[in-house]
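Letter by letter, the chains look like this.
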Amino acid sequence: MNGLERITSRIEAEAKSEVDGILDAGKAETQRIVDSWRARIDAEERALADKNEKAAAEREERLKSAAEMDARKTILAAKQEMVDEAYALALDKLCKMPEGEKVKLLADLLVRASSGGTEEAIFSEADRAVGEKAVKAANESSGKKLTLSKETAPIRGGFILRDQNVEVNCAFETLVRLQKAETAGAVAKLLFQ
């Protein structure tokens, strides 16, 4: 090998060594960048997984709360329906009570509802005969001068007491509705202890 070949060979070796060094440094830098991005990706994946897990847990909690609220509403509606049914049964019992008891009850109501003592009592078509007896009993027990109206009212039971322009509604359905407003809580307690 002559001098020129040796120099060329040395330059080639040095260049190769330098290229290998640059390639190794590039590979190391590439690996460092890949590792850095891989770590970032892993961290993002964990953050997203945590975020998704938290969102899923929150959604599950919201759905559970909504389901519990719907269940409570359904139970409350069923209880309300049972309370309504109890008052409907009470109204039916009032309307279907034996005549003697009904006359006494109506006579007592007439005396208590009458303020002037000369009012006119309006009964339903079905209760007209009972109403006549109740008016007579009320007058006898109190000394009032109530009269039985020739009119009838579209009510299930009870009566409407009229004095000129003033009416006192003592229809059984009205009395039950008013009692319901005052006693529904106590009835619910009795039904659902």
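Residues numbered from 1 in each chain as written. Predicted model: local features only at pLDDT ≥ 70, side-chain atom pairs only at ≥ 80, totals over all residues. Heavy atoms only, no water.

A. Focus on the overall build of the chain. When you go through the chain residue by residue, the secondary structure sums to 4 helices and 4 strands. From first element to last, N terminus to C terminus, the chain shows the α and β order α-α-β-α-β-β-β-α. The C-alpha atoms of the chain give 47 Å as radius of gyration, which overshoots the globular expectation for 193 residues (16 Å, by more than 25%). By principal-axis analysis of the C-alpha atoms, the chain measures approximately 155 × 35 × 25 Å. Of the roughly 14100 Å² of accessible surface on the chain, a fraction of 56% belongs to carbon and sulfur atoms. Between the mean site of the 32 positive side-chain charges and the mean site of the 36 negative ones, the chain shows a separation of 5 Å. (Helix = DSSP H or I, 4+ residues; strand = E, 2+ residues; numbered from the N terminus. Rg over C-alpha atoms; globule rule 2.2 N^0.38 Å. Areas by Shrake-Rupley, 256 points an atom, 1.4 Å probe, with all protein chains shown as cover. Lys, Arg positive; Asp, Glu negative; His and termini not counted. Charge placed at Lys NZ, Arg CZ, Asp CG, Glu CD.)

B. Region of interest: the nonpolar core. Grouped together as the largest cluster of nonpolar side chains are 23 residues, with contacts concentrated most on Leu106, Leu110, Phe123, Phe159 and Leu161. Residue assignment for this core shows that the elements contributing at least two residues are α1 (3-95), α2 (99-113), β1 (120-123), α3 (128-142), β3 (158-163) and α4 (172-191). With sequence-adjacent residues up to four places away left out, Phe159 is seen in contact with Leu106, Leu109, Leu110, Ala113, Ile122, Phe123, Val168, Asn169, Cys170 and Ala171. (Core = buried A, V, L, I, M, F, W, Y, C linked by side-chain atoms within 4.5 Å. Buried < 20%, exposed > 50% of the residue type's maximum accessible area, 1.4 Å probe, protein only. Contact = heavy atoms within 4.5 Å.)

C. The sheet that holds strand β2 (residues 147-152), seen in detail. Ordered in space as β2-β1-β3-β4, the 4 strands form an open sheet in which the pairing is mixed. Pairing within the sheet leaves two strands with one partner each, and these edge strands are β2 and β4 (166-171). Neighbour to neighbour, the strand axes of the sheet diverge by 30° on average, direction disregarded. Where α3 meets the sheet, it contacts β1 and β2, and its direction lies at approximately 160° from that of β2. Relative to the sheet, α4 contacts β3 and β4, its axis offset from that of β4 by approximately 80°. (Pairing = 2+ DSSP bridges. Axes fitted to C-alpha atoms, helices over the stretch in contact; angles between N-to-C directions.)

D. Summary view of the side chain of Glu119. By the element assignment, Glu119 lies in the loop between α2 and β1. No salt bridge is formed by the buried Glu119; its nearest oppositely charged neighbour, Lys144, is found at 5.9 Å. Among the polar contacts listed, one links the side chain of Glu119 to the backbone nitrogen of Gly116, at a separation of 2.9 Å. In terms of polar contacts, Glu119 uses its side chain to reach the backbone amide nitrogen of Gly117, at 3.1 Å. Setting aside chain neighbours within four positions, we find Glu119 in contact with Ser114, Lys145, Leu146, Thr147, Leu161, Arg162 and Asp163. (Salt bridge = Lys/Arg side-chain N within 4 Å of Asp/Glu carboxyl O. Polar contact = N/O pair within 3.5 Å; in protein donor to acceptor, adjacent residues only side chain to side chain.)

E. Structural detail: the pairing of β4. Bridge analysis of β3 against β4 gives 6 bridges, and the strand direction is antiparallel. Within β4, the position partnered with Phe159 by the bridge is Cys170. Adjacent in sequence and paired antiparallel, β3 and β4 are bridged by 2 residues, among which Gln164 carries a positive phi angle near 55°.

F. Geometry of the side chain of Thr174. Along the chain, Thr174 falls in helix α4. Thr174 sits in the buried class, given a relative accessible area of 10%. Polar side-chain contacts of Thr174 include one of 3.2 Å to the side chain of Asn169.

G. Region of the structure containing the environment of Ser17. Within the fold, Ser17 resides in helix α1. Overall, Ser17 belongs to the partly exposed group, its relative accessible area being 48%.

H. Structural context of the packing of α2 against α3. One can describe the packing of α2 onto α3 by two numbers: an axis separation of 8 Å at closest approach and a directional angle of 50°. Classed by the angle they form, the pair α2 and α3 counts as oblique. Judged by the twist between their axes, the crossing of α2 over α3 is right-handed. Facing α2, whose interface residues are Glu99, Lys102, Val103, Leu106, Ala107, Leu110 and Val111, α3 presents Val130, Lys133, Ala134, Val135, Ala137, Ala138, Ser141 and Ser142. In terms of residue class, the contact of α2 with α3 is built from 10 nonpolar, 2 polar and 3 charged. (Parallel < 35°, antiparallel > 145°, perpendicular 65-115°, else oblique. Left-handed = near helix turned anticlockwise from the far one by under 90°. Nonpolar A, V, L, I, M, F, W, Y, C, P; charged D, E, K, R; others polar.)

From the geometry alone we can't say anything about function, so treat these as descriptive.
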